[in-house]
Amino acid sequence: MEAVLEESWKLSMAKAARNRKEIDRELAKPTPDFARIAELSDALADSQQDKLRFTVEASHINRLGLELVAKRETALSELIKNAFDADATEVSVELSDFESEGGTLILQDNGSGMSRDVIRDAWMTLSTNSKVGSDKSPKFGRPRAGRKGIGRFATQRLGRSLILESSVSGESIGHRVRFDWDKQFKAGRKLSAVWTHIEEFSKPIETHGTTLKIFDLRDSWSEKSLKTVWKSILFLQPPFPITHVASNQWSSSSDPGFRVVLNGSNARGEEITISIENDLLQYALANIEAEVDEDGVARIQLKSDRLDFTDETVLKTKFLLTGPVRLEARYFIFERETVPGISVRTAAKLGEEFGGIRVHRNSFRVLPYGEGSNDWLNLDRDAGRRAILPPANNANFFGYVSITDKDNVLLEETSSREGLVENSAFHELADFVRQALVWAVMRIAAVRQKKAKPTASRVEVTPTSTPPSKAIEEGFSQLEDLFADLEDSFSDDQARDSFKGAIDEVRRVASEAATQFEARAEEERVRNIEYENMLRILASLGLSISVFGHEIKSATSLTSGSFTLLLDDLHELQDGAQKVGLLSTATTLQSAINRVFDLGGYIEELTSFTGTRKLQPVAVRGSIDRFVGQFSSYLDKHGVAFDIDVVPKGLRTCPMHMSEFDSILFNLLTNSIKAFQRAGTRSPAVRIRAFQQGNFVRIRFEDNGYEIPVKARSRIFDAFFTTTEFSRDEVAGPGTGLGLTIVSDIAANYGGEAKLVEASKGFKTALEVSLKSK
């Protein structure tokens, strides 16, 4: 055994001697390869038999990027925090070709930049302590955001290669370093053996800042996932100020602020923009401000310009662990009267996407607080259980709570930068925020209830039934209560979360369906009111028409007699030319008056049938012949050819008003007349077919006028829909959009329907009305 050990020692010494000689030869060269010297020196150091040391594999860089910075949102956050620490006033983030793996992300800031030494000693040193002892940025005195020294490896999480460019003010050159994470930093290779080349580039002496060009992005992002990333970037800075960092003992300049500029486009050139301030915050019902002072006393202020109301209070609970904390939130109730100028649905969607109370530490957001799936204040849970009756879900709030390293030493982030350590101070912080919000919500509810009381000038309308959406919400609230009671019965957390997720999805779908139904019902209600108003007008007009018809009928015999005498006198005239002219004029006048008498007789007969209010079967053939006869003069004048065929001849409808049957024929005829006029039909023709089919009488009315456009066919039976706004014809009259609606309603009242069917050869439009037979 001793011989083996001795032989091993001799081999090690021989190898060490060779390494010394090779190091000496390399040092003797005019331009030594210091990378080779470092590699030989490491091997020489490892040859010592009585000492050991830790080494790091190059693949550790990949583990830091992919594992320590788990989410891409966090990775991008860390890079922007580095820019904040570098006293940048603006960061530009540009994403391109993001819909497929291999896209590009370029992050550029105008911060202080890095020299060659800083790149080597700070940026390229793992877990550097360069920020320890300097908790403020040198220029603006900003509190440090990225103090753990791992933010730079977020570039490896995002993409497979990186070009780092950085420069400082006052120098004419900048430095560029290239990294190929997957090729250079492999398992089995020591990190100290990986060397990267640094280049110099010329620049204006006054420019400064850092640019990170990340290529070959690891993720294939959809627009939805990209919107999530952009959302994370937008909320790194709150939409309203948290702290005012001014000139102080650590800095020589006042802080002009920090702005993240987002630019992004996909292969189609489409962009996504989100404006929280303009699209949501202006519709807040109330502003809530609260703070805990150095003595642990919590004060709350509430202001609502919309309700013309302010209030304040001091909580009885003292918060001694959190340290000074400030809360600012805006409160929303997504109802029609509380979000004017924007649809309730849009406002609610914005609340669901962006609502919640976030946590900002040193002016930067700490995830996951305020995310849609995070309920760190238990607001969604208690609202679902109806422990809080007024609207108080996370979606009803948009705000933040501000903490700092200096004032809140017990509120520490976890090592993964994915939240705060849930110690006693954290639970106290959550209790403070929740108490402040619940107090404000209750005060707002009390004020709204008081203002909603009826006054002498205001009439309250109470719904006769519960809206479907409200009934659904109440039902699901009860289901969530049951779920809470059975929570301990689930075999594991995954089963519980899956079940809860299924309930939430069903609730969402049912609520959306109910909301859509209520919207359609409201539209239908408005249409019905308009329809009823029009029918009321027509009913009033009908009384006048009835009197008019009666008077016309009374004058018929007198006028007929007078015309007979007039014609006799004209025949006795001696002057032939005068006689012919007057006879022609008298004949034309008689024809016109006969048309008026026909219409008057039709009205008189129609109203006489209606006046009895007695339902009786209608003889189809006789009614059609009578109807056509009443308008024979008019139809002859316009040259309308009628073809009538009724099989069997004794076909009868179910008991109904004769006037209703005539109304069907009249509305179909006036539609045809308007179609002839619109199409300019030279030989207008109407075909009426009536036949028995099962228990129904079917009346098919066809014409060769204007063909109804395809896009209008689904709406022809809707009230007030018309393709003819006005007609000068004395029978057709103006188009009201009610004719076919009336036809459809009459058919439906007697068990049938009205529909558009395929026209026969030679005709353009065919409407078929079915009525129950006798």
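Bear in mind the structure is a predicted one, so any value in this text is a computation, not a measurement. (Residues numbered from 1 in each chain as written. Predicted model: local features only at pLDDT ≥ 70, side-chain atom pairs only at ≥ 80, totals over all residues. Heavy atoms only, no water.)

Draft legend 1. A look at the pairing of strand 3 (residues 159-167). Among the nine residues of strand 3, eight are classified as buried, and the element is accordingly described as predominantly covered. Sheet analysis places strand 3 next to strand 6 (residues 209-217), joined by eight bridges and oriented antiparallel. The residue of strand 6 that forms the bridge with Gly-159 is Leu-217. Across six bridges, the pairing between strand 3 and strand 4 (residues 173-180) is antiparallel. Bridge pairing links Ile-163 to Arg-178 in strand 4. Count of turn residues in the strand 3/strand 4 antiparallel hairpin: five residues, of which Gly-170 carries a positive phi of about 95 degrees. (Buried < 20%, exposed > 50% of the residue type's maximum accessible area, 1.4 Å probe, protein only. Helix = DSSP H or I, 4+ residues; strand = E, 2+ residues; numbered from the N terminus. Pairing = 2+ DSSP bridges.)

Draft legend 2. Up close: the sheet that holds strand 9 (residues 298-304). Taken together, the seven strands give an open sheet; going across it, the order is 10-9-8-11-14-12-13, and neighbouring strands pair in mixed fashion. Two strands bound the open sheet, and with one partner strand each, they are strand 10 (309-314) and strand 13 (364-366). In this sheet, adjacent strand axes meet at a mean angle of 20 degrees when their direction is disregarded. Here strand 8 (residues 286-292) runs beside strand 11 (residues 325-331); their pairing, made up of seven bridges, is antiparallel. Residue pairing across strands places Glu-291 opposite Arg-326, the latter belonging to strand 11. (Axes fitted to C-alpha atoms, helices over the stretch in contact; angles between N-to-C directions.)

Draft legend 3. A look at the pattern of salt bridges. Following the criterion strictly, the structure yields 32 salt bridges and no others. Notably, a salt bridge pairs Arg-120 with Asp-121, separated by 2.8 Å at the nearest N-O pair. Residue class for Arg-120 comes out partly exposed when judged on its relative accessible area of 43%. One salt bridge connects Glu-413 with Arg-361, and the closest N-O pair in it is separated by 2.9 Å. Placement of Glu-413 in the loop between strand 14 (397-403) and helix 12 (424-451) and of Arg-361 in strand 12 (residues 356-361) is noted, with a sequence separation of 52 residues between them. Looking at Glu-413, the relative accessible area reads 8%, which means it is buried. Residue classification places Arg-361 among the buried residues on the basis of a relative accessible area of 5%. (Salt bridge = Lys/Arg side-chain N within 4 Å of Asp/Glu carboxyl O.)

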